[in-house]
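# Observations on chain architecture
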Amino acid sequence: MAEYATSLEGDTLEAFRIAAEQIAEEQGTDVETVMKSMKKLIYLFVTRI
Amino acid sequence: MDMNELYEQRIRRFDDVMNRKLPDRVPVVPNMNTWMYQFAGISVKKAFTEDADEIFRAAKYMTEQIPMDALMSTSNTVPLNLAKKVGEGIYTCSDNGVQIKGSGGHLMESEEYGLLAEDPMKFFANVLIPRKFEIFRGASTEKKAEIIKQAYADNQAFIKYNQGPNGRIEKELGMPLIVRGTNFLSPDIVLDYLRDFVGISLDVRRHSQQLLEACLSLYDYIMEMFNDTATPPDRKVLFSPLHLPTYLRPRDFARLYLPFMKKYLEEMAVKRGYSIYFFMENNWMPYLDLLKELPENTKFVGLFETGNIDDLAEIKRRLGSRIIVMGGMSVDTLRFGTKDEVIDSAKKCLDLLAPDGGYIFSTDKTLMTMNDGTPENVIAACEYVTENGKY
């Protein structure tokens, strides 16, 4: 185990939100729609790759 | 025959069985995976990462020689190019297939169940992703956002990559790809990706309440993701591979796993009308009475990982109103048997499992490599059922 977690604090979820905002702006879509895809991407990082 | 008509004819057989009607004959749906590529002499790595037309070529080569009614999928389910950019992940791909690395499934400790239960998405994002991928550790928030944007683009490209061959397989070959999506049941996420076999086995005994609470929370996260982008039920299935159940004692299964099967089937199949396909690994015979808690007359097919046709007949007899039985053809017979033995086995499947419908002919295990069945035997089994499985 590389690191041991003691809380849910961290900035990676925030980075997903920032990325979603940037993508939404670039693609002219709303942030909530992109965040739905981001939710799946988070899951994918842990379970599919 | 026109390919649209052929597609319709094939998928209707599947439809009829799922709707508990008698089809014109037993549907033939081998549990096909990367065997297809080896059979066609096509590199899996090239097909999955470089040239999507190779996926179509493999499907075309196979379906022109082996009579079947549907492919579950093309098996290209891991976004390997994305994984490579963030540090490989837990899968490797070669010309012969996709393999999982040894220790990829141990990512958290039992003391962390509370964090997982509290907020699965936050736990995944803030704790597990930096733990799993070095590229995230120590990076600034801005750098992480940059990595995520690239991963998002790579994942979109992966989805688009598959759309090409998938569309062509259905339109040009008239071959339904029957899996529309995959939802893991949450205890299998814990087994496969978070605690591994040794960890979850200890947790079942020492931390079962924390495990259960974490699985409930994780289940809601999985359902929320599905619902975010859900489309109405169609003629395809939602797939779940069930890995953990038969490693549990029946009483642990009843407490820690069965509730998730029941909840999922009641929500997705009974209330919302989706077709559900569970790949039921290993030996389910000690659990059959417990499965009577599952709802009746739903569109739920279970592929049982047993080549024991008598056991399958017993499952159908006891649970046929709850589970549409899929399987029967042993890959051991397909690999080591003579053609006559294969035909005898296919005949026994029809004799014991086909009467009154509720049965889909398939292999008991996934056909991954040529070691899982010789082409001659796979062809012989499928030909026999298409010729003799008429109602």
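Residues numbered from 1 in each chain as written. Chains lettered and ligands numbered in written order. Predicted model: local features only at pLDDT ≥ 70, side-chain atom pairs only at ≥ 80, totals over all residues.

### Focus on the overall build of chain A
Assigned secondary structure in chain A consists of two helices and zero strands. Burial analysis of chain A (49 residues in total) assigns 37% to the buried set. (Helix = DSSP H or I, 4+ residues; strand = E, 2+ residues; numbered from the N terminus. Buried ≥ 20, exposed ≤ 12 C-beta atoms within 10 Å, placed from the backbone.)

### Considerations on the pairing of strand β2 (residues 97–100) of chain B
Residues and elements named next belong to chain B. Examined bridge by bridge, strand β1 (residues 91–94) and β2 share four bridges and lie antiparallel to one another. Paired with Ser 94 across the bridge in β2 is Gly 97. Between the antiparallel neighbours β1 and β2 lie two residues. (Pairing = 2+ DSSP bridges.)

### Points about helix α13 (residues 258–271) of chain B
Residue and element names in this part refer to chain B. Between the first and last C-alpha of α13 there are 18 Å, a value that for 14 residues agrees with the 20 Å anticipated at 1.5 Å per step. Its axis deflected by about 30° at Leu 265, α13 carries its strongest bend there. Within the sequence span of α13, burial applies to Phe 260, Met 261, Tyr 264, Leu 265, Met 268 and Ala 269. Each element contacted by the buried residues of α13 is listed here: α9 (186–194), α11 (208–228), β4 (237–242), β5 (275–280) and β6 (300–304). Positive phi appears at Gly 273, one or two residues downstream of α13, with a value of about 80°. (Expected span 1.5 Å × (residues − 1). Bend = angle between axes of the 7 residues up to and from the residue. Contact = placed C-beta atoms within 7 Å.)

### So, helix α4 (residues 53–65) of chain B
When the terminal C-alpha atoms of α4(B) are compared, their 19 Å separation across 13 residues agrees well with the 18 Å that a helix rising 1.5 Å per residue should span. Of the positions making up α4(B), those classed as buried are B:Glu54, B:Ile55, B:Phe56, B:Ala58, B:Ala59 and B:Met62.

### Describing the nonpolar core
Formed by 142 residues in total, the largest nonpolar core has its most connected members in B:Ile276 and B:Ala381. Looking at this core, the element that brings in the most residues is helix α2 (residues 31–47) of chain A, giving eight residues. B:Ala381 has contacts with B:Met329, B:Leu334, B:Val342 and B:Ala346, leaving out every residue within four places of it along the chain. (Core = buried A, V, L, I, M, F, W, Y, C linked by C-beta atoms within 7 Å.)

### What to know about the confidence of the model for chain B
This prediction gives chain B a mean pLDDT of 96; 99% of its residues lie at or above 70. Here the predicted complex scores 0.95 on pTM and 0.94 on ipTM. (pLDDT = per-residue confidence, 0-100.)

### Description of the interface of chain B and chain A
Reports of interface size often rely on the accessible area that becomes lost once the parts have come together. Between chain B and chain A, the contact holds 38 residues from the first and 30 residues from the second. At the level of elements, α5 (80–86), α6 (113–118), α7 (120–132), α8 (141–173), α9 and α11 of chain B are the ones that each hand at least two residues to the side of chain B that touches chain A. Here the side of chain B that touches chain A gets 12 residues from one element, more than from any other, and that element is α7(B). A per-class count over the side of chain B that touches chain A returns 23 nonpolar, five polar and 10 charged. (Nonpolar A, V, L, I, M, F, W, Y, C, P; charged D, E, K, R; others polar.)

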